[in-house]
Amino acid sequence: MEDRMRRFLKIAEGVDVAPLLAQIEAHPLSENVTTAERQGSGVRIERTYDHEFVNAVITHPRIYPHVSQDFSPAPEAFDCGPLMAAPDILFLVPMQGEERCGVFMVHPHSAIVHEVHTCILPQYWGRSVEAGLALIEWVFENTKCLKLLTLVPDHNDLAYRLALECGMVWQGTLTASYLKGGKLLDQRILAVSKSERRPTCQ
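Computed from a prediction, not measured in an experiment: that's the story for all the values here.

(A) Highlighting the packing of aromatic side chains. Summed over the entire model, instances satisfying the criterion amount to one aromatic pair. The ring of Phe 53 is capped by Arg 100, whose NZ or CZ atom sits 3.9 Å from the centre of that ring. Between Arg 188 and the ring centre of Tyr 160, over which it is positioned, the NZ or CZ distance is 4.1 Å.

Right, here's the structure in full:
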């Protein structure tokens, strides 16, 4: 784990990553998933147009506080309909058998750079890494995307750990770009390239 995480963080040379490594090793996102289970988990990605399901996932009381910021609508007023109507925005569901584990929203910044937003339902948080790896594979195999990025606010350490465990690498910081509780927070930029992605089974 340590060697892999140091490789992911190589562009942050000089930064003491020991505390982060200790947290990840003590609380791995896939701590209850053996290698055999991971290889046979069969997590797959399906595109969805189910407006009701997407709304329910995003506004889940254990998800919405982490994906919304000041001036976001109240959960009961949130409506993903306009986003789902946009042809270049994808809503993708990680499937474990017939169970829907959450939803990813993927949208382009350019023809080859896309951004992903992640909402995994709490009961499937132990499968977050498998879902993330499946999502990355799906995007690179089914779109023109060559680099997939995500923005993680400074306060969301779980999302940061998930991105790292899925093979994303820290690219830099978007300063003072996320307003939460009246405070402007930085966002960490992480990304993975098609040529550098992790295999879905290890």
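(B) Inspection of unusual backbone geometry at higher detail. Even without a glycine there, the phi angle at Phe 71 is positive, about 80 degrees. Examined against the element boundaries, Phe 71 turns out to sit in the loop between α5 (64–67) and α6 (81–85). Although it is not a glycine, Ala 176 sits at a positive phi angle of roughly 45 degrees.

(C) The arrangement of the pairing of strand β5 (residues 113–120) in detail. Bridge count between strand β4 (residues 102–108) and β5: seven bridges; the pairing is antiparallel. In the sheet register, Val 106 faces β5, and the bridge partner there is Val 116. The hairpin formed by β4 and β5 contains four residues between the paired strands. Note: β5 against strand β6 (residues 147–153), three bridges, orientation parallel. Each residue of the ladder has a partner; that of Val 113, found in β6, is Lys 147. You can see the chain leave β5, run along helix α7 (residues 128–142) and come back into β6, and the turn it takes is right-handed.

(D) Quick peek at the pairing of β6. Counted residue by residue, β6 has five buried out of seven residues, so it is predominantly covered. Taken together, the seven bridges between β6 and strand β8 (residues 183–193) define a ladder with antiparallel strand orientation. Within the sheet, the bridge partner assigned to Leu 148 lies in β8 and is Val 192.

(E) Representation of helix α8 (residues 157–165) in the model. Tyr 160, Arg 161, Leu 162, Ala 163, Leu 164 and Glu 165 are the residues of α8 that are buried. Immediately beyond the C-terminal end of α8, within one or two residues, lies Gly 167, with a positive phi of roughly 95 degrees.

(F) Geometry of the pattern of salt bridges. A full pass over the atoms with the stated rule returns seven salt bridges. Here Arg 100 and Asp 50 are joined by a salt bridge, their closest N and O atoms 3.0 Å apart. Taken together, the residues Arg 100 in strand β3 (residues 99–100) and Asp 50 in the loop between β1 (44–47) and α4 (51–58) connect sequence positions 50 residues apart. For Arg 100, a relative accessible area of 35% puts it in the partly exposed group. One salt bridge in this structure joins Arg 197 and Glu 137, with 3.0 Å as the shortest N-O distance. Pair noted here: Arg 197 is in the segment after β8 and Glu 137 is in helix α7, with a separation of 60 residues, a long-range link. Relative accessible area serves as the criterion here: at 23%, Arg 197 is assigned to the partly exposed category.

About the cut-offs
Residues numbered from 1 in each chain as written. Predicted model: local features only at pLDDT ≥ 70, side-chain atom pairs only at ≥ 80, totals over all residues. Heavy atoms only, no water. Phe/Tyr/Trp six-rings, centres within 6.5 Å; stacked < 30°, edge-to-face > 60°. Lys NZ or Arg CZ within 6 Å of the ring centre and 35° of its normal. Helix = DSSP H or I, 4+ residues; strand = E, 2+ residues; numbered from the N terminus. Pairing = 2+ DSSP bridges. Right-handed = clockwise from strand over helix to strand, strands pointing away. Buried < 20%, exposed > 50% of the residue type's maximum accessible area, 1.4 Å probe, protein only. Salt bridge = Lys/Arg side-chain N within 4 Å of Asp/Glu carboxyl O.

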